[in-house]
Every structure is written in C-alpha cells, then in structure tokens.
Amino acid sequence: MKYDFDRVIERRGADSYKWKDYGDDVLPLWVADMDFVSAEPIIQALHQRIDHRIFGYTRPTLELRAVIQERLKKVYQWEVSEEEIVFLPGVVTGLNVFYHAFSNPGDGVLVQPPVYFHFVRDPVTHGRVLDDPPLVQKEDTYEIDFAVFEKAIRDRTKVFIFCNPHNPVARVFTPKELEKVAEICLRHGVLICSDEIHCDLLYPGYQHVPIATLGPEVANQTITLMAPSKTYNLPGLHCAFAIIQNSKLRRTWQTFSSGLIPSVNIMGHVAALAAFRSGQDWLGQVLHYLEGNRNYLAQYIKEKLPTIRMTKMEATYLAWLDCRETGIPGNPFNFFLKEAKVALNDGVTFGRGGKGFVRLNFACPRKTLTEALDRMSYALEKL
Ligand SMILES: Cc1ncc(COP(=O)(O)O)c(C=O)c1O
C-alpha cells in the first residue's frame, strides 16, 4: 500500500514525550522518533493481539529468533545461532548492562564524541570514567583519528561503546575503518559494544557492515545491539536484542541481567515479528521520504540559513548542524527554543565537540519541517 507521510498527525495528547515536554507553541524536532504512522502489517498484528484480550507473560518465540537469524544472514551474510540472540527492552538498557557487566567503577569507558548522550552521560552517572577521543570534523563530515583513538586507551580502559551508524554525525563507518577500530581494541584487550540501532536507515550509496562480521576474533570480543525500534518507528514498544557469540561473555551478561532486566513485552514482540516479516514495503517508502527531507533540508540551509553548516548525512534522520558561524549569542539550542519556538537537541549533551551545535530530527511531514525552518530563519534574520 502507499503511505502518505505528508499527512500531519496530531501527537499532542497521545503520550508522546517529544510533543509534551515543551509548550504547545513549540515545534519539537528533537527526540529520535518519527511523526509517521507505522506499517500496516504491524498495526494489524497488534490489533489481533489486543482482540485476544489476554495479556499474560510472554517470551520471545523461536519464530522471532528465526526471522532475525534469516535477516542477519540475508543482509550481512552473518550466521547467528538462536541462543546467541539475547532479548532486551531497549538498546540503552543494553549499553548499560554492557559496561556494568564488564567494567568496574573507576574503569575507563571508551566513546567517540560528539555522540548520543547516553554514551557520555550514563557511564559517568554509574561511576565509570570516560576515555573520549573525539571524532574529527573534516569539511562537512567526521573521521576517526586512529592515533588519537589509540592514545586514549589506558590501563583503566576496559570497554568501548561504538556507535555505527553514528548518532549524531550520521557516518556509516567503512570496512577499512571498522578493521582498524577492531584491530586496536583487540590489541589492547578492550571489549566492544557496537550499537547498530540505526543500521537500516541508510541513504543510497552506503552499506552497513556489523563490526562483529569482520572475523571470528572480532565476534569473540564484540556484543552487537540492534532493534526494530528506529527502523520501523516502534521505540515505545520496547523490543531490542544483543548478539553475543562468545559464550563466556553471554553467560556473564545473562548472570548480570538475571532478575534485573526484563525481556521483551508482549506488544513489542508481536510488533517486531510483523516488522521483520512484512515491514519492508513501508521501510522502502519511509527511506525514500527521509531522503527527500534530507535533500530539502540541505537545500534550505544552503539558500536561507547559509551561516549554518549541515554535516553530510550517510544515515539516520538526525541532522548535525554547526551553528558556530551564525552569530547567535550563547547556546544555539536555547536561542532556537526561545526565539524560534523550535525544540532541537542541544549539542552540548553529546559530549566533547558538541558546543555550538544542535541536532535536528527531520522524520516529520515536509510541512512541519518547513514551518520549523521558516521559524529558525526568521529568528536568525532578526539577530
Ligand atoms: C545510538 C542510539 N542508541 C540507542 C537509542 C535508543 O534505544 P532504545 O530506545 O532502544 O533504548 C538511540 C535513540 O535515539 C540511539 O540513537
């Protein structure tokens, strides 16, 4: 069926915190979910489950495991066995289980800022120390400086939380980059947690390679986190999974999680199965719409917001905007919220290298995006 992503759907009053946290006069382009309806097969599967009227305990079925296995094999030629898939209520839960299970308070957690705020905030909240070699801005994109990356690894550095595709700099790391990252981590005995939640949201010309597929030594030292939540816009249903091929790591993970981390809820499980089985048509259409919005945003910025620099986008619907040349006094997030009534994400929350930047979520109807950009443009004109 043909989906109409131009249709504006009222989300206020529908328990969305993206639309709730600011006043009614503010357009929210921040939290990473989409203002689009889900795929019809997912909605039908959820209806069917609700119509049964009993919501007892559930466990992810072999059917769901099999669908994930098939998908990994088909897309990445990655052979994963049933027990190597460990379900989780969310990827952020997975990140936190990872460094809790495999490091101690005072140990170093390696991250590459500017990066998703849970990477830089949560380990510190829980007594770890950040070892945070920043990604390097090069013209309109970002690169890894491998010398800086390796130098940041010290005796205390036990684990690395990797973001690929990267939020917010929108990179899809190449096999060459992945090999170098893995080689350095393996040589220093640093365990890798690869957050690949954005792996399906790629623009034409880019291909995702899970770092664990580089070879058995890398798989042995890597835990991969994936989910249908970003791909199919289901984050409120809480279904994610870790792929842990090293049985020793898997046992440690499961022991740590036991009694503490719930598995997937019944609705998340139903939605994930329907998404992986029958969500492809919707996904193709949404990717096409997002590509249109990405190009529209880039063109709008070029023509009407020329002091903002947009980072080249290889993946995700989260644009990383450099506002350091705009002349905005102080923090651009505060400026756009107060003067334009547009809520973005504050670059500072992404760690080192985030000051003077904002992140803009363009997974919304073109009309909403245009309205937000017009407001931002008008606010900048008045400066
Ligand atoms: C890199 C990354 N990891 C994890 C998440 C959130 O995952 P979850 O909702 O499954 O906890 C996000 C959401 O924006 C993200 O960008």
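1. Observations regarding the overall build of the chain
Summing up its helical and strand segments, the chain has 12 helices and 15 strands in all. In terms of overall size, the chain behaves like a compact globule, its C-alpha atoms giving a radius of gyration of 21 Å where 383 residues would be expected to give roughly 21 Å. Projecting the C-alpha coordinates of the chain onto the three principal axes gives extents of approximately 60 × 55 × 35 Å. Out of the 383 residues belonging to the chain, those deemed buried represent 57%. In the chain, of all internal contacts separated by at least 6 residues, the share reaching a separation of at least 24 is 76%. On the chain, roughly 17,100 Å² of surface is accessible, and the fraction owed to carbon and sulfur atoms is 52%. Across the chain, the centroid of the 44 positively charged side chains sits 2 Å from that of the 45 negatively charged ones.

2. Some points on helix H9 (residues 266-278)
Given 3.6 residues per turn, any residue in an α-helix points the same way as the ones three and four places further on. Over its 13 residues, H9 runs 18 Å from end to end, which matches the ideal 18 Å to within 8%, given 1.5 Å per residue. Of all 13 residues in H9, 11 are buried; the element is thus mostly enclosed. Buried within H9 we find Ile266, Met267, Gly268, His269, Val270, Ala271, Ala272, Leu273, Ala274, Ala275 and Phe276. Each element contacted by the buried residues of H9 is listed here: helix H1 (40-52), helix H2 (62-76), strand E10 (240-244) and helix H10 (280-304). The residue sitting at the N-terminus of H9 and contributing the capping side-chain oxygen is Asn265; that oxygen lies 2.8 Å from the backbone nitrogen of Met267.

3. Concerning the packing of H1 against H9
Interaxial distance between H1 and H9 falls to 8 Å at its minimum, and their mutual angle equals 145°. As for the relative orientation of H1 and H9, their crossing is right-handed in sense. Across the interface between the two elements, Pro41, Ile42, Ala45, Leu46, Arg49 and Ile50 from H1 touch Ile266, Met267, Val270, Ala271, Ala274, Ala275 and Ser278 from H9.

4. A look at the side chain of Arg11
Mapped onto the elements, Arg11 comes out in the segment before strand E1 (27-28). For Arg11, a relative accessible area of 18% puts it in the buried group. Among the polar contacts made by the side chain of Arg11, one reaches the side chain of Asp35 at a distance of 2.7 Å. Contacts of Arg11, omitting those with residues within four sequence positions, involve Ser16, Lys18, Trp19, Asp33, Met34 and Asp35.

5. Let's talk about the site of the ligand
The immediate surroundings of the ligand are formed by Ala32, Gly90, Val91, Val92, Tyr116, Cys163, Asn167, Asp195, Ile197, His198 and Lys230. Take Asn167: an N or O atom from its side chain is 2.7 Å from an oxygen atom of the ligand. Taking 400 Å² as the accessible area of the ligand by itself, protein coverage stands at 90%. Tallied by class, residues from the shell around the ligand come to 6 nonpolar, 3 polar and 2 charged.

6. Looking at the state of the cysteines
Enumeration according to the criterion identifies 0 disulfides in this entry. No disulfide involves Cys185; its sulfur sits 12 Å from that of Cys193, the nearest cysteine. Judged by its relative accessible area of 0%, Cys185 falls in the buried class. This cysteine, Cys323, is not joined by any disulfide, and Cys364 carries the nearest cysteine sulfur, 17 Å off.

7. As for the sheet that holds strand E14 (residues 345-346)
With antiparallel pairing, 4 strands are arranged side by side in an open sheet as E11-E12-E15-E14. Taken across any chain shown, the strands that pair with only one partner, and hence form the sheet edges, are strand E11 (309-310) and E14. Bridge count for strand E12 (residues 318-322) against strand E15 (residues 357-361) is 5 bridges, and the pairing is antiparallel. Bridging from a neighbouring strand, Ala319 pairs with Leu360 of E15.

Procedures and definitions
Residues numbered from 1 in each chain as written. Predicted model: local features only at pLDDT ≥ 70, side-chain atom pairs only at ≥ 80, totals over all residues. Heavy atoms only, no water. Helix = DSSP H or I, 4+ residues; strand = E, 2+ residues; numbered from the N terminus. Rg over C-alpha atoms; globule rule 2.2 N^0.38 Å. Buried < 20%, exposed > 50% of the residue type's maximum accessible area, 1.4 Å probe, protein only. Contact = heavy atoms within 4.5 Å. Areas by Shrake-Rupley, 256 points an atom, 1.4 Å probe, with all protein chains shown as cover. Lys, Arg positive; Asp, Glu negative; His and termini not counted. Charge placed at Lys NZ, Arg CZ, Asp CG, Glu CD. Expected span 1.5 Å × (residues − 1). Polar contact = N/O pair within 3.5 Å; in protein donor to acceptor, adjacent residues only side chain to side chain. Axes fitted to C-alpha atoms, helices over the stretch in contact; angles between N-to-C directions. Left-handed = near helix turned anticlockwise from the far one by under 90°. Near = heavy atom within 4 Å. Nonpolar A, V, L, I, M, F, W, Y, C, P; charged D, E, K, R; others polar. Disulfide = S-S within 2.5 Å. Pairing = 2+ DSSP bridges.

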